[in-house]
Amino acid sequence: MKLVKNWKPIVDRFQAKLLRWKSKTLSFGGRLTLLKFVLGNLPTYYMSLFKAPAGIIDLLEKIRRKFLWGSNTDKRFIHWVAWERVIVPKDRGGLGIGSIKALNVALLIKWWWRIKHESKTLWAKTISGLHNLKNKLIDDMIKKKIKGGWHNIVGVKKDIEDMGFRFNDIFKQIVKSGDNTQFWQDTWIVGEKLKDLYPSLYEIEKKKSSKVSERIVSGAPRWRWKSYPEFMGLSDQVTCLSSTIASTVLTTGTDRTTCMLDKDGDYQAALGRIPMSMALTGRGIQVQNSYCSVCIGEEEYSDHLLVKCPFVVSIFRSILDWCHINQIQFQNVGEIIQFAASWGRCPKKRKKLTAICYGTWWTIWRARNNRIFQKNFTNPNGVVNQIKSMVYLWFKFRNSEEMCEWEAFTVCPFPL
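Residues numbered from 1 in each chain as written. Predicted model: local features only at pLDDT ≥ 70, side-chain atom pairs only at ≥ 80, totals over all residues. Heavy atoms only, no water.

**A word on the overall build of the protein**
Per the secondary structure count, the protein includes 21 helices and 6 strands. Counting all 416 residues of the protein, 43% fall into the buried class. Of the contacts made within the protein by residues no fewer than 6 positions apart, 62% connect residues no fewer than 24 positions apart. (Helix = DSSP H or I, 4+ residues; strand = E, 2+ residues; numbered from the N terminus. Buried < 20%, exposed > 50% of the residue type's maximum accessible area, 1.4 Å probe, protein only. Contact = heavy atoms within 4.5 Å.)

Okay, here's the thing in structure tokens:
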């Protein structure tokens, strides 16, 4: 499918639609709707399996661009806004049409997730056998000598990097038993691969493909080094690494891969891509102190600040009590988001609980910044009161339904 001529059916279908829907018979709004819901979905089947040549993508975008602005074979109208601006989401000043190249890459990336998430299916076992993927990283899971559809799917890694993403920004392992997650080479804690955070320790690791369950046994780290870290001056790094994984509790269940691009609202927090001490240090920015400003003994990364810090744990306990929900111990931001999205039987209550979680994190983040930059400390009860006030105003002014009184809301946000 690398040849342009193989994509002729797609081009013909685009042109056929345009002939059927003459641009001059539709308003601008009508043309925009047609682009979004008809023309944008035509190449889905092809693009979910094959990487489209750059020439084809340019041609299809040209067809869409001309149709939106009312141009045809007889007459060309002025394109008042650059196409790169038109296709971006509405909240960024565009019309939300979307890029065909981005669609192509996204559809191909989905197969990366599926082969990890559906590892026991026949197709996944076949691909795994052909490319010997059992102990390979997902972003290096191909034999160069084997061509075909899977070769093209993995080949979009370069396109992802050109878009400014890293593989770590897209997928993360949710660890349960730790049997299916590689300790050093998978992204499963602090938003980074441990081999990138501790390259010197990774060098002296005896089994670089070791699983999490092999390195965390009965709640304690179990190392296997080629050389003694003490002799190489790496004792401090071993201590730091042990501290990083100290809060990990292995349970029964199967590890799974989650995609971190499925929700815009929690994207940065779920990825750990917010400007905290650990994240800034990892990008070469000097900070005075990389430890949590409350508990001091723990390094400040997203899951710690937003979930695991004792200060935050007490806040979430109060929020769960307020919502009349049984106490649950969460390990990361993703677990809270998934719990809120699946809690109870009422979709409206789930949506409200999700908003409460977002409001809680936002208030915790503001309290953290006030604590660090303005030396203004707010105790957990004060933060909880701020959360209730802010969430109440959110619901009152953003919800078309009638809102309960403030007194009743402070008792429970979910009216009986």
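Moving on from the coordinates now.
**Some details on helix α20 (residues 380-398)**
Since there are 3.6 residues in each turn of an α-helix, residues three or four apart along the chain are aligned in direction. For α20, built from 19 residues, the straight-helix expectation of 27 Å at 1.5 Å per residue is met to within 8% by its first-to-last C-alpha distance of 27 Å. Within α20, burial applies to Gly382, Val383, Val384, Ile387, Lys388, Met390, Val391, Tyr392 and Phe395. Each element contacted by the buried residues of α20 is listed here: α17 (310-322), α19 (347-373) and α21 (406-411). (Expected span 1.5 Å × (residues − 1).)

**A few points about the packing of helix α18 (residues 333-342) against α19**
Two numbers describe how α18 lies on α19: the axes approach to 7 Å, and their chain directions differ by 155 degrees. Overall, the two elements α18 and α19 adopt an arrangement that is roughly antiparallel. Residues Val333, Ile336, Ile337, Phe339, Ala340, Ala341 and Ser342 of α18 lie in contact with α19, whose contacting residues are Arg350, Leu353, Thr354, Cys357 and Trp361. (Axes fitted to C-alpha atoms, helices over the stretch in contact; angles between N-to-C directions. Parallel < 35°, antiparallel > 145°, perpendicular 65-115°, else oblique.)

**A few points about unusual backbone geometry**
Residues other than glycine predominantly adopt negative phi, and peptide bonds predominantly adopt the trans conformation. One non-glycine residue, Ser218, lies in the positive phi region at around 55 degrees. Residue placement: Ser218 occurs in the loop between β4 (216-217) and β5 (220-221). At His324, a residue that is not glycine, the phi angle is positive and equals roughly 60 degrees. Counting through the fold element by element, His324 comes out in the loop between α17 and α18.

**Let's talk about the packing of helix α4 (residues 54-68) against helix α6 (residues 100-117)**
Where α4 contacts α6, the axes come no closer than 9 Å and their chain directions differ by 130 degrees. When the axis of α4 is compared with that of α6, the two are oblique. Of the residues in α6, those touching α4 at Ile57, Leu60, Glu61 and Arg64 are Ile100, Lys101 and Asn104. Split by residue class, the contact of α4 with α6 holds 3 nonpolar, 1 polar and 3 charged. (Nonpolar A, V, L, I, M, F, W, Y, C, P; charged D, E, K, R; others polar.)

**Thoughts on α19**
The end-to-end C-alpha distance of α19 is 39 Å, a good match for the 39 Å that 27 residues give at a rise of 1.5 Å each. One or two positions beyond α19, positive phi appears at Lys375, with a value near 55 degrees.

**Section: a nonpolar patch on the surface**
A cluster of nonpolar side chains, Ile78, Trp80 and Val81, forms an exposed patch at the surface whose accessible area comes to about 350 Å². Relative to the helices and strands, Val81 resides in the loop between α4 and α5 (83-86). (Patch = residues over 30% accessible without salt bridge, like charges linked within 9 Å, V, L, I, M, F, W, Y side chains within 5 Å. Areas by Shrake-Rupley, 256 points an atom, 1.4 Å probe, with all protein chains shown as cover. Salt bridge = Lys/Arg side-chain N within 4 Å of Asp/Glu carboxyl O.)

**Structural notes on the packing of aromatic side chains**
Within this structure, the stated rule accounts for 20 aromatic pairs. Taken together, a centroid distance of 6.3 Å and an interplanar angle of 65 degrees make the contact between Trp184 and Trp225 edge-to-face. Here Trp225 lies in the loop between β5 and α13 (235-245) and Trp184 lies in the loop between β1 (171-174) and β2 (187-189), a separation of 41 residues in the sequence. The burial state of Trp184 is the same as that of Trp225; both residues are buried. The ring of Tyr202 carries the charged tip of Lys195 above its face, separated from the ring centre by 5.9 Å. For Lys208, the ring lying beneath its charged end belongs to Tyr202, and the centroid distance is 5.3 Å. (Phe/Tyr/Trp six-rings, centres within 6.5 Å; stacked < 30°, edge-to-face > 60°. Lys NZ or Arg CZ within 6 Å of the ring centre and 35° of its normal.)

**A closer look at the pattern of salt bridges**
Where charged atoms from two side chains of opposite charge approach closely, those side chains can pair. Scanning all chains against the criterion turns up 6 salt bridges. Residue Lys195 pairs with Asp196 through a salt bridge whose shortest N-O separation is 3.6 Å. On the basis of relative accessible area, Lys195 is assigned to the partly exposed category, the value being 21%. Between Glu214 and Lys207 there is a salt bridge, with its nearest N and O atoms 2.9 Å apart. Residue classification places Lys207 among the partly exposed positions, given a relative accessible area of 32%.

**Regarding the environment of Lys66**
With respect to the helices and strands, the residue Lys66 is situated in helix α4. Leaving out residues up to four positions away in the same chain, Lys66 has contacts with Ser71 and His79.

**Section: the state of the cysteines**
Applying the stated criterion across every chain, the model contains 0 disulfides. In this structure Cys309 is a free cysteine whose sulfur lies 3.8 Å from that of Cys292, the closest cysteine sulfur available. (Disulfide = S-S within 2.5 Å.)

**Describing the nonpolar core**
By size, the foremost hydrophobic cluster in this structure holds 38 residues, and its most contacted members are Ile315, Ile319, Cys323, Ile356, Trp361 and Ile364. At the level of secondary structure, the elements contributing two or more residues to this core comprise α16 (302-308), α17, α18, α19 and α20. Looking at which element gives the most residues to this core, the answer is α19, with 8 residues. Apart from the residues lying within four places of it in its own chain, the contact partners of Ile364 are Leu305, Leu306, Val312, Ile315, Phe316 and Val383. Core analysis: the next-biggest nonpolar cluster, separate from the first, contains 18 residues, Ile189, Leu194, Tyr198 and Val212 among them. (Core = buried A, V, L, I, M, F, W, Y, C linked by side-chain atoms within 4.5 Å.)

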